Amino acid sequence: MNNIKKHIVSIDDDSSILTLIHTVLSEDFQVTTFNDTHQALESLPRLKPDLIICDINMPGLDGFEIHQAVRDIPSLRSVPFIYLTGLSDREHFRKGMNQGADDYLTK
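Everything in this summary refers to the structure shown in the same document. Position numbers for residues count from 1 along each chain, tracking the sequence in the order it is written. The predicted nature of this model means local features are confined to residues of pLDDT at least 70 and side-chain atom pairs, given and counted, to a pLDDT of 80 or more, with totals for whole chains, interfaces and linings taken over all residues. Processing note: side-chain calculations cover all non-hydrogen atoms of the structure and skip hydrogens and water entirely.

A look at the pattern of salt bridges
Side-chain pairs of opposite charge can arise whenever the charged atoms involved come near each other.
Working step 1: Should a side-chain nitrogen of Lys or Arg be within 4 Å of a carboxyl oxygen of Asp or Glu, the pair is scored as a salt bridge. Scanning all chains against the criterion turns up three salt bridges.
Working step 2: The shortest N-O distance in the salt bridge between aspartate 12 and lysine 107 comes to 2.8 Å. Remark: lysine 107 occurs in the segment after β5 (103-106) and aspartate 12 occurs in the loop between β1 (7-11) and α1 (15-25); sequence separation between them is 95 residues.
Working step 3: Relative accessibility decides the category of a residue: with a 1.4 Å probe and only protein chains considered, values under 20% of the type maximum give buried, values over 50% give exposed, and everything between is partly exposed. Take aspartate 12: its relative accessible area is 2%, and that puts it in the buried class.
Working step 4: A relative accessible area of 47% means that lysine 107 is categorised as partly exposed.
Working step 5: Between aspartate 55 and lysine 107 there is a salt bridge, and its shortest N-O distance comes to 3.5 Å. Where helices and strands are cited, they refer to DSSP runs of H or I of at least four residues and of E of at least two residues respectively, numbered from the N terminus.

So this is what it looks like as structure tokens:
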């Protein structure tokens, strides 16, 4: 039996969201959280996640910039990317989906 857990990385500047994601998912998945966008982007190639969950409005890099940077890293190009954001307007939704996000969920 394979006991290796899939690895999820969550990036958000709201620590309560990161705590919630970790609490909900950590029983079934290995979860790594980042509240620093630059540190997250630097660590992603080494972590090789199976899924990235990312906010959009954050200091440093925004979620769109992180998504584009991830797609520019060959080893991460095919990793599913989900936006989890408070931005529920059609413009941001379209931008995220047009950029190639796998899903766009609002908080």
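Here the narrative resumes.
Describing the pairing of β1
Working step 1: With respect to burial, β1 is a largely interior element, five of its five residues being buried.
Working step 2: Taking every second residue as pointing to the same face, both faces of β1 are buried, with His7, Val9 and Ile11 on one and Ile8 and Ser10 on the other.
Working step 3: Here five bridges tie β1 to strand β2 (residues 30-34), and the two strands are oriented parallel to one another. Following the sheet pairing, histidine 7 is matched in β2 by glutamine 30. Two strands are said to pair when DSSP picks up at least two bridges between them.

Some points on the packing of helix α2 (residues 37-47) against helix α3 (residues 63-71)
Working step 1: Axis separation between α2 and α3 bottoms out at 11 Å; the angle between their running directions is 15 degrees. Relative to α3, the element α2 is oriented roughly parallel. Note that α2 runs across α3; the crossing there is right-handed. Contacts between α2 and α3 involve Thr37, Leu41 and Leu44 on the former and, on the latter, Ile66, Ala69 and Val70. To obtain each axis, a line is fitted to C-alpha atoms, and for helices this fit is confined to the stretch in contact; angles are then taken between N-to-C directions over 0 to 180 degrees. Geometric relationships in this document are graded by angle, where less than 35 degrees denotes roughly parallel, more than 145 denotes roughly antiparallel, 65 to 115 denotes roughly perpendicular, and other angles denote oblique. Put simply, a crossing is left-handed when the front helix is turned counterclockwise from the back one by less than a right angle, and right-handed when it is turned clockwise. What makes two residues a contact is simply this: any of their non-hydrogen atoms within 4.5 Å.

With respect to the sheet that holds strand β3 (residues 51-54)
Working step 1: Strand order across the open sheet formed by five strands is β2-β1-β3-β4-β5, with parallel pairing between neighbours. Each of the sheet's edge strands pairs with one partner strand only, and the pair in question is β2 and β5. Going across the sheet, the axis of each strand differs from the next one's by a mean of 20 degrees, ignoring polarity.
Working step 2: Note: β3 against strand β4 (residues 81-85), three bridges, orientation parallel. Its bridge partner lying in β4, isoleucine 53 is registered against isoleucine 82.
Working step 3: On the sheet, α3 packs against β1, β3 and β4 and is oriented at approximately 170 degrees with respect to β4.

Here we look at the packing of aromatic side chains
Working step 1: Working definition: rings of Phe, Tyr and Trp (its six-membered ring) pair if their centres are within 6.5 Å, and the pair is stacked with planes under 30 degrees apart, edge-to-face with planes over 60 apart, and tilted otherwise. Per the stated rule, a full pass over the model turns up four aromatic pairs.
Working step 2: Relative to tyrosine 104, the ring of tyrosine 83 lies with its centre 5.9 Å away and its plane at 55 degrees, an arrangement referred to as tilted. A residue pair is termed long-range when its members are at least 10 positions apart, and tyrosine 83 in strand β4 and tyrosine 104 in strand β5 qualify at 21 residues. A single burial state applies to tyrosine 83 and to tyrosine 104, both of which are buried.

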